[in-house]
Amino acid sequence: MSTLRYSEIAGVGHYVPERVVTNADIEQLMETTDAWIQERTGIKERRWFTEGVDTTANMGAKAARRALEAAGLTPDDVQLIVFATLSPDYFFPGSGVLLQRELGMKEATPAFDVRNQCSGFIYSLSMADQFIKTGMYDTVLVVGSEIHSSGLDKSTRGRAVSVIFGDGAGAVVLRPSTQEGHGILSTHLHSQGEHAEELIVKEPGSNREGRVDYAIAHEPDMYPYMNGQNVFKHAVVRFPQVIKEALDQNGMQPQDIDMLIPHQANLRITQYVQQKMGLSDDKIFSNIQRYGNTTAASIPIALSEAVQEGKVKRGDLVCLAAFGSGFTWASALIKW
Ligand SMILES: CC(C)(COP(=O)(O)OP(=O)(O)OC[C@H]1O[C@@H](n2cnc3c(N)ncnc32)[C@H](O)[C@@H]1OP(=O)(O)O)[C@@H](O)C(=O)NCCC(=O)NCCS
C-alpha cells in the first residue's frame, strides 16, 4: 500500500512580453487618465504582446523553460502538463498540446487545458498535486499564460475593463517532496455559477446556429464584460474566506503566513485582504503596478518574482489565493 506523498514546487519561472504599455500610452487610446487608473487599480503599466512574436503557448513555454532550469530538469523529464488560460491560441485544440510541441518534448506527454480564469492557476496546481499525491506522476509542469491585449475593447466604451488586463506567463514544476512536511499542504477550490455572466466574454458562443455570423453581429459581446462593483464586492469576501479555510484545515493562524501571494486582481482588493487578515506589508506580494491583471498567469509571475527577490525562502509558509470569473475562487497553503 502506498503512503500519501506531498508535492513541492521544485522550480518557478516567468516570461512577460517586451512591449511596455504605460497609463500614458492608454490615455492616447481612450478617455482615461493615469490618475484614475492608479487610484482605482494601482496599475502603472502592463505588457502587451507583439503579433508574430508572442503567443499564449510560446510565452508559457518560455516561462516553463525557466521553471525547469530552476529545478535542474529538462522538458523531457515532464510527465504531465497542466495549462491554465482563458485566452488559448485556438478555440481548439488547447494550448497545452502547443506547449508540448513548443518545448520539443520527445515523449508523448499528456496535456490538460484548465479554463478557470483568475483561479485557473490554483485549480491547475491542485490538479497537479493530486497526480503526484497518488503516485501517478513524479514531475508535473503547471503553466498559466494569457494574451488579453488582442481581445480588449481599446475604445472609451471598454475603458473600465481594458485598463486592468495585461499579458504574461508563469510556470512551476512540481515534484514529490524530498522532506517531510514540505510542499503543498492543502488546496481549496470553489465555484458559484450563478454569477457566470458578471465577468465574461460571451462570443463566439457555441449554443447558437451560425456561431461566427452571430458573433460579428454582436461585436461588443466579443469583448470582456465585467460588473466591476459586484466583482469587487464578492472578491473582498471570498479572498479572506478561502485563506481562512486553508489556515483552519492546517490548524494555523493568519500570523503564521510568511508570504501571501494573491491573484493580482486589483491593488485595492489586495490591500483590503491584507488589512482583513492583519498582515504587515512584508507578508503580501504585489506586482500589479507593473503587469496589470494577467489572470491565470498572475500568481506564478508573482511567485517567480518573490522567489527571485528572496522574499520566499525555504521553510516559509506561503499562501496563494485567487478569485475571479465564474465566479471561482481558490487557495493553496505551501510549506516552501
Ligand atoms: C473596475 C473598477 C476599477 C471600476 O471602479 P468603480 O469605482 O467601480 O467605477 P465605476 O464602474 O462605478 O465607474 C465610475 C466612473 O468612472 C468611469 N470610468 C470607468 N472606467 C474608467 C477609466 N478607465 N478611466 C476613467 N474613467 C473611467 C465610469 O464611466 C464612471 O463614470 P460616471 O460616474 O460618469 O458614470 C472597480 O469596480 C473594481 O476594481 N472592480 C473589481 C475589478 C477586478 O478586480 N476585476 C478582476 C477580478 S479577477
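Residues numbered from 1 in each chain as written. Predicted model: local features only at pLDDT ≥ 70, side-chain atom pairs only at ≥ 80, totals over all residues. Heavy atoms only, no water.

**Describing the site of the ligand**
This is how the line gets drawn: Proximity is defined per residue: if any heavy atom of the residue lies within 4 Å of a molecule or strand, that residue is considered near it. We call two N or O atoms a polar contact when they sit within 3.5 Å, provided that within protein one can donate a hydrogen and the other can accept it, with sequence-adjacent residues counted only if both atoms are side-chain atoms. Methods summary: accessible areas were calculated by the Shrake-Rupley approach with a probe of 1.4 Å, and residue burial reflects only the protein chains presented. Note on conventions: DSSP H or I runs of at least 4 residues are helices, E runs of at least 2 residues are strands, and numbering of each starts at the N terminus. Polarity classes work like this: nonpolar for Ala, Val, Leu, Ile, Met, Phe, Trp, Tyr, Cys and Pro, charged for Asp, Glu, Lys and Arg, and polar for all others, with Gly in that last group.
For the ligand, the set of nearby residues contains 21 residues, the closest of which are Thr 32, Arg 40, Gly 228, Gln 229 and Asn 266. In the model, a nitrogen atom of the ligand is placed 2.6 Å from a nitrogen or oxygen of the Thr 32 side chain. Taking Gln 229, its side chain carries an N or O atom lying 2.6 Å from an oxygen atom of the ligand. Contact with the protein chains removes 72% of the 950 Å² of surface that the ligand exposes when unbound. The leading source of residues in the shell around the ligand is helix 8 (residues 228-249), at four residues. Broken down by class, the residue content of the shell around the ligand amounts to eleven nonpolar, seven polar and three charged.

**Side note on unusual backbone geometry**
Here is the rule we go by: Summary of the burial criterion: residues with accessible area below 20% of their type's maximum are buried, those above 50% are exposed, and those between are partly exposed, where the area comes from a 1.4 Å probe applied to protein chains only.
The amide bond that connects Phe 92 to the next residue, Pro 93, takes the cis arrangement and shows omega of 0°. Along the chain, Pro 93 falls in the loop between strand 4 (80-84) and helix 4 (95-102). Looking along the chain, the bond that leaves Gly 326 and enters Phe 327 is cis, with omega of -15°. Relative to the assigned elements, Phe 327 resides in the loop between strand 12 (317-324) and strand 13 (328-335). Although it is not a glycine, Gln 117 adopts a positive phi angle of roughly 50°. One non-glycine residue with positive phi stands out, namely Thr 295, at about 50°. Mapped onto the elements of the fold, Thr 295 is located in the loop between helix 10 (288-291) and helix 11 (298-308). Residue class for Thr 295 comes out buried when judged on its relative accessible area of 2%.

**Examining the packing of aromatic side chains**
This is how the line gets drawn: Between 30 and 60 degrees the pair is tilted, below 30 it is stacked and above 60 it is edge-to-face, where a pair is any two Phe, Tyr or Trp rings, Trp via its six-membered ring, whose centres lie within 6.5 Å. Two conditions define a charge sitting above a ring: the NZ of Lys or the CZ of Arg must be within 6 Å of the ring centre, and it must be within 35 degrees of the ring normal.
Counted according to the given criterion, the structure contains four aromatic pairs. Each ring, one from Phe 112 and one from Phe 131, has its centre 6.0 Å from the other, and the planes form 35°; the classification is tilted. In this pair, Phe 112 sits in strand 5 (residues 111-114) while Phe 131 sits in helix 5 (residues 120-133), placing the two residues 19 residues apart along the sequence. With a centroid separation of 4.9 Å and 55° between ring planes, the pair formed by Phe 323 and Phe 327 is classed as tilted. Clustering of aromatic rings is evident, with ring pairs tying together Phe 112, Phe 131 and Tyr 137. When the ring centre of Trp 48 is taken as origin, the NZ or CZ atom of Lys 154, which lies over that ring, is 4.5 Å away. Just above the ring of Tyr 214 sits the side chain of Arg 208; from NZ or CZ to the centre is 3.9 Å.

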